[in-house]
Amino acid sequence: MKSVSHATSLRRAPVQRRSAERLTRILDACADLLDEVGYDALSTRAVALRAGVPIGSVYRFFGNKRAMADALAQRNLERFTERVRERLQGIAGGGDWRAAVDAVLDEYLAMKRSAPGFSLVDFGNQIPVGSRDAEPNHRVAERLTELLAVFLSREPDEDMRRSFLIAVETADTLVHLAFRVDSEGDERIIAEMRQLLRGYLARLLD
């Protein structure tokens, strides 16, 4: 069971295993309902009913549905980070940045296509979650910079951080375009996005 790391939207962090399991059920229910009814129709009462917990348990963790969606976005980022880390560890020989970038994109697309609630929340870009100053793509870029710097045995510098942020912003825009064109993601747009990112990152990583 994955915890919700650094979930600033939580009113109270779970301490006991039972409490952590209840939080997981609440977030799972939130994700399922987002797919079924959308964010506008989402309610804390419906989440409590779906999760099989008293409404007070929801309010123990979250003040409103926005805070719930924010915690779900943070959990998505934790799971994405772990999936990418595992993929990078499995790349034979290591150091192939093109294979690493493909792995990152593959994991993002897989979550976009299959993770409950992800198409609406992703890492916090799609609906107004978190604070006004929150920059979800900055958080994603920072995570990827850390992971890829280790994979490439390079010290992350300002150029790398800026380049990965630009790559994340570009991929975010083009992936959402691909899924507006086709509900499963237009493969031609995705293929061109891969080419674009490889061409852009080559000047830094080759």
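For the structure itself, consult the block above.
Residues numbered from 1 in each chain as written. Predicted model: local features only at pLDDT ≥ 70, side-chain atom pairs only at ≥ 80, totals over all residues. Heavy atoms only, no water.

Draft legend 1. Structural view of the overall build of the chain. Each helix and strand in the chain was counted, giving nine helices and zero strands. Scanning the chain from its N terminus toward the C terminus, one meets helices and strands in the order α-α-α-α-α-α-α-α-α. Relative to its 206 residues, the chain shows a buried fraction of 47%. Within the chain, residue pairs in contact and separated by at least 24 positions form 69% of the contacts whose partners lie at least 6 positions apart. Summed over all atoms, the accessible surface of the chain reaches about 10800 Å², with 48% contributed by carbon and sulfur. (Helix = DSSP H or I, 4+ residues; strand = E, 2+ residues; numbered from the N terminus. Buried < 20%, exposed > 50% of the residue type's maximum accessible area, 1.4 Å probe, protein only. Contact = heavy atoms within 4.5 Å. Areas by Shrake-Rupley, 256 points an atom, 1.4 Å probe, with all protein chains shown as cover.)

Draft legend 2. Fine view of the side chain of Thr-44. Structurally, Thr-44 can be placed in helix H2 (residues 44-51). Polar side-chain contacts of Thr-44 include one of 2.8 Å to the side chain of Tyr-59. (Polar contact = N/O pair within 3.5 Å; in protein donor to acceptor, adjacent residues only side chain to side chain.)

Draft legend 3. Inspection of helix H9 (residues 187-205) at higher detail. The end-to-end C-alpha separation of H9 is 25 Å, in line with the 27 Å expected for 19 residues at 1.5 Å each. Buried positions along H9 lie against helix H5 (97-114), helix H7 (136-152) and helix H8 (158-181). With a side-chain oxygen positioned 3.1 Å from the backbone nitrogen of Arg-188, the residue opening H9 is Asp-186. (Expected span 1.5 Å × (residues − 1).)

Draft legend 4. View of the pattern of salt bridges. Here the structure, examined in full by the defined rule, presents 17 salt bridges. Across the pair Arg-194 and Asp-106 runs a salt bridge, and its minimum N-O distance is 2.6 Å. Of this pair, Arg-194 sits in helix H9 while Asp-106 sits in helix H5, and the two are 88 residues apart along the sequence. On the basis of relative accessibility, which here comes to 17%, the residue Arg-194 falls in the buried class. The residue Glu-158 makes a salt bridge to Arg-162 at a minimum N-O spacing of 4.0 Å. Placement of both Glu-158 and Arg-162 in helix H8 is noted, with a separation of four residues, approximately one turn of the helix. (Salt bridge = Lys/Arg side-chain N within 4 Å of Asp/Glu carboxyl O.)

Draft legend 5. Layout of the nonpolar core. In terms of nonpolar packing, the biggest core is built from 40 residues, with Phe-80, Leu-88 and Leu-205 touching the most fellow members. Where this core is concerned, the elements lending two or more residues are helix H4 (65-89), H5, H7, H8 and H9. In this view, Leu-88 contacts Ala-100, Leu-147, Leu-148 and Phe-151; residues no more than four positions away in its chain are not counted. Of all hydrophobic cores here, the second largest spans 24 residues; its members include Ala-31, Tyr-39, Ala-67 and Ala-71. (Core = buried A, V, L, I, M, F, W, Y, C linked by side-chain atoms within 4.5 Å.)

Draft legend 6. How the structure looks around the environment of Arg-198. Within the fold, Arg-198 resides in helix H9. Through-space distance from the C-alpha of Arg-198 to that of Ala-167 is 9.5 Å; in sequence the pair is 31 residues apart. Apart from residues lying up to four places away in sequence, Arg-198 is in contact with Trp-97 and Asp-102. Polar contacts involving the side chain of Arg-198 include one to the side chain of Asp-102, which spans 2.5 Å.

Draft legend 7. Fine view of the packing of aromatic side chains. Evaluation of the coordinates by the stated rule reveals six aromatic pairs. Ring centres of Phe-80 and Tyr-108 lie 6.3 Å apart, and the angle between their planes is 80°; on these two criteria the pair is classed as edge-to-face. Here Phe-80 is found in helix H4, whereas its partner Tyr-108 is found in helix H5, with 28 residues between them in sequence. Per residue, the accessibility class of Phe-80 equals that of Tyr-108, and both read buried. Seen in terms of ring centroids, Phe-118 and Phe-123 are 5.3 Å apart; in terms of plane orientation they differ by 85°. Their pairing is edge-to-face. As far as burial versus exposure is concerned, Phe-118 and Phe-123 are alike and both buried. (Phe/Tyr/Trp six-rings, centres within 6.5 Å; stacked < 30°, edge-to-face > 60°.)

Draft legend 8. Molecular detail of the environment of Asp-35. With respect to the helices and strands, the residue Asp-35 is situated in helix H1 (residues 17-37). Separated by 82 residues in the primary sequence, Asp-35 and Gly-117 have C-alpha atoms spaced 5.3 Å apart. A polar side-chain atom of Asp-35 sits 3.0 Å from the main-chain amide nitrogen of Gly-117.

Draft legend 9. Broad picture of the packing of H8 against H9. For the pair H8 and H9, the least separation of the axes is 10 Å and the interaxial angle reads 175°. Classified by the interaxial angle, the pair formed by H8 and H9 is roughly antiparallel. (Axes fitted to C-alpha atoms, helices over the stretch in contact; angles between N-to-C directions. Parallel < 35°, antiparallel > 145°, perpendicular 65-115°, else oblique.)

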